[in-house]
Amino acid sequence: MPNFPGGYQKMHEFIEKNLHYPKECAENSIQGRVIIDFVVERSGKLTNIRVVKSVNPALDKEALRIVKLMPKWIPGKQCDKKVRVKCIIPIPFQL
């Protein structure tokens with residue numbers, strides 16, 4: 001399986017550091033988890049990034065922005081060859 005550089009904890013820290021809660025969602029107490037899927041290419045680049053489970057259009061847009069900001073991942077391997085792998089991650093929005 002592919003990995004975020006530094007592992008799950010570093011990914012969580014990256015999300016927390018870069019998340020900008022949309023003002024209109026904060027004012028209306030809109031919370032939830034946006035589910036994003038994407039493909040980690042053999043190069044580590046993330047492609048085909050999309051929302052799988054929506055909460056609110058503004059939260060969805062912010063979740064997509066964060067994933068697009070992510071650095072290249074460590075690609076997955078099968079039989080010691082780098083392979084493309086589809087991944088799913090949640091982006092939590094909590095006030």
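Please refer to the structure placed before this passage.
Quick caveat: nothing in here was measured; it's all calculated off a predicted structure.

Draft legend 1. Region of the structure containing the state of the cysteines. Using the criterion set out here, one finds zero disulfides in the structure. We note that Cys79 lacks a disulfide partner, and the nearest cysteine sulfur, in Cys87, lies 18 Å from it. By relative accessible area, which is 74% here, Cys79 ends up exposed. Judged by relative accessible area, Cys87 falls into the buried class, the value being 8%.

Draft legend 2. Examining the side chain of Thr47 more closely. In this fold, Thr47 is placed in strand 2 (residues 46-53). Side chain to side chain, Thr47 and Glu41 meet in a polar contact 2.6 Å long. The contact partners of Thr47, leaving out residues within four places of it in the chain, are Phe38, Val39, Glu41 and Arg84.

Draft legend 3. Up close: the packing of aromatic side chains. All told, the structure shown has four aromatic pairs when counted by the stated rule. Both rings, one in Phe4 and one in Phe14, keep their centres 5.7 Å apart while their planes meet at 50 degrees; by these two values the pair is tilted. Placement of Phe4 in the segment before helix 1 (8-18) and of Phe14 in helix 1 is noted, with a sequence separation of ten residues between them. The same class applies to Phe4 as to Phe14, namely buried. On the basis of an interplanar angle of 75 degrees and a centroid distance of 5.2 Å, the ring pair of Phe38 and Trp73 is categorised as edge-to-face. Residue Phe38 is found in strand 1 (residues 32-40), and its partner Trp73 is found in the loop between helix 3 (57-69) and strand 3 (76-78); the two are separated by 35 residues along the sequence. Judged by its relative accessible area of 1%, Phe38 is buried. On the basis of relative accessibility, which here comes to 7%, the residue Trp73 falls in the buried class. Site record: aromatic cluster; members linked through ring pairs are Phe4, Phe14, Phe38 and Trp73.

Draft legend 4. Local environment of the sheet that holds strand 5 (residues 85-93). Read across the sheet, three strands follow the order 2-1-5 without closing on themselves; strand pairing throughout is antiparallel. Each of the sheet's edge strands pairs with one partner strand only, and the pair in question is strand 2 and strand 5. Strand after strand, the sheet turns through a mean of 25 degrees between neighbouring axes, direction not considered. Looking at chain direction, strand 1 and strand 5 are connected through nine bridges and run antiparallel. By the bridge assignment, Ile35 is partnered in strand 5 with Pro90.

Criteria and thresholds
Residues numbered from 1 in each chain as written. Predicted model: local features only at pLDDT ≥ 70, side-chain atom pairs only at ≥ 80, totals over all residues. Heavy atoms only, no water. Disulfide = S-S within 2.5 Å. Buried < 20%, exposed > 50% of the residue type's maximum accessible area, 1.4 Å probe, protein only. Helix = DSSP H or I, 4+ residues; strand = E, 2+ residues; numbered from the N terminus. Polar contact = N/O pair within 3.5 Å; in protein donor to acceptor, adjacent residues only side chain to side chain. Contact = heavy atoms within 4.5 Å. Phe/Tyr/Trp six-rings, centres within 6.5 Å; stacked < 30°, edge-to-face > 60°. Pairing = 2+ DSSP bridges. Axes fitted to C-alpha atoms, helices over the stretch in contact; angles between N-to-C directions.

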